[in-house]
Amino acid sequence: VPIFLGGVLNTTAVAGAAAWRHPTAPFIAWLLFEVVLGIVRLGVLLQGRAVIEAGRAPPRLLAALLSCAWAGSVGYGASLCLMSGDWVMATITCFSAAAMVCGICLRNFGTPRLTALMMFLVLAPCMVAAARTSEPIILMISIQLPIYILTIFSAAFSLHRMLVSRMVALSDLERSESLNDTILRS
C-alpha cells in the first residue's frame with residue numbers, strides 16, 4: 001500500500017502541477033484521469049485485500065488492467081510535458097516517470113511480464129515524444145530510454161528469479177525439517 005499510494009499521490013501531484021501550468025484540455029484530462037483512476041485502483045486494492053482475507057481469489061486481472069492504465073497515463077503525461085516545450089515541467093515529469101518505473105519494478109517483480117508491460121507503457125511514449133520535440137538535445141532521451149528499458153526489464157526478471165529460487169529453497173527446507181522431525185519421532 002505505501003508504494004501504491006506514493007505512486008498515485010506523486011503522479012496526481014505532477015499532473016496537477018502540469019494542469020496548473022498548462023490549463024488546456026489534454027493536461028486537465030490527464031489530471032482528472034489520474035484522480036479517478038487512483039480512487040478506482042485504491043478501491044480495487046482494498047476490496048482485493050478483503051476478498052483474500054475471506055479466502056477467495058482477488059480480482060487480479062482487473063488490478064493488472066488498472067495498473068496498465070495507470071502506467072499508460074504516466075507515459076501520456078510525460079509525453080505531453082515533453083511536447084509542451086515547458087522544460088521545467090518536462091524535467092519534473094520525466095524524473096517522476098523514472099521514479100515510477102522503479103516503484104513498478106519493486107512492487108510488481110513477482111509478476112515480471114506485467115512489470116515489463118507497465119514499464120514499457122510509461123517509457124515508450126517518452127521516447128516517441130522526445131524524438132518529436134524541437135529541442136535537439138532531448139533526442140538523447142530516445143537513445144537512452146531503450147537501454148534503460150532493457151536494463152530495468154533484466155532487473156525485474158532477475159528479481160523474479162531470485163524470489164522463485166528463495167521460495168523453492170524455503171519449501172525444500174520445510175520438507176527436509178518435516179522429514180527429519182518424522183524420522184526423530186519414529
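Residues numbered from 1 in each chain as written. Predicted model: local features only at pLDDT ≥ 70, side-chain atom pairs only at ≥ 80, totals over all residues. Heavy atoms only, no water.

Enquirer: Lay out empty space enclosed by the protein with the relevant residues and their values.
Expert: Applying the stated criterion across every chain, the model contains one cavity of 30 Å³ or more. Estimates place the volume of the largest cavity at around 50 Å³. Every residue lining the largest cavity is listed: T11, V14, W30, V74, T93, S96 and A97. Breaking the lining of the largest cavity down by element, the ones donating at least two residues are helix 1 (2-21) and helix 4 (87-108). In terms of residue count, helix 4 provides more of the lining of the largest cavity than any other element does, three residues in total. Classifying every residue of the lining of the largest cavity by side-chain character gives four nonpolar, three polar and no charged. (1 Å grid on protein atoms, 1.4 Å probe; cavity = no way out; pocket = protein on both sides within 12 Å on 5 of 7 lines; lining within 4 Å. Points joined across faces, edges and corners; volume = space filled by probe spheres on them. Helix = DSSP H or I, 4+ residues; strand = E, 2+ residues; numbered from the N terminus. Nonpolar A, V, L, I, M, F, W, Y, C, P; charged D, E, K, R; others polar.)

Enquirer: Tell me about a nonpolar patch on the surface, and name the residues and values.
Expert: Taken together, the side chains of V1, L5 and L9 present a nonpolar region at the surface, about 240 Å² in accessible area. Among the secondary structure elements, L5 is positioned in helix 1. Taking relative accessible area as the criterion, L5 reaches 33% and is therefore assigned partly exposed. (Patch = residues over 30% accessible without salt bridge, like charges linked within 9 Å, V, L, I, M, F, W, Y side chains within 5 Å. Areas by Shrake-Rupley, 256 points an atom, 1.4 Å probe, with all protein chains shown as cover. Salt bridge = Lys/Arg side-chain N within 4 Å of Asp/Glu carboxyl O. Buried < 20%, exposed > 50% of the residue type's maximum accessible area, 1.4 Å probe, protein only.)

Enquirer: I'd love a proper account of the nonpolar core, names of residues and values included.
Expert: In terms of nonpolar packing, the biggest core is built from 31 residues, with W70, L82, M118 and V122 touching the most fellow members. Only helix 2 (25-53), helix 3 (60-84), helix 4, helix 5 (112-132) and helix 6 (139-185) provide two or more residues apiece to this core. When residues in this core are grouped by element, the largest group, 10 residues, is from helix 5. Setting aside residues no more than four positions away along its own chain, V122 makes contact with A71, V74, G75, A97, V101 and I104. Counting residues in hydrophobic clusters, the runner-up holds nine residues, among them V14, A15, A19 and M89. (Core = buried A, V, L, I, M, F, W, Y, C linked by side-chain atoms within 4.5 Å. Contact = heavy atoms within 4.5 Å.)

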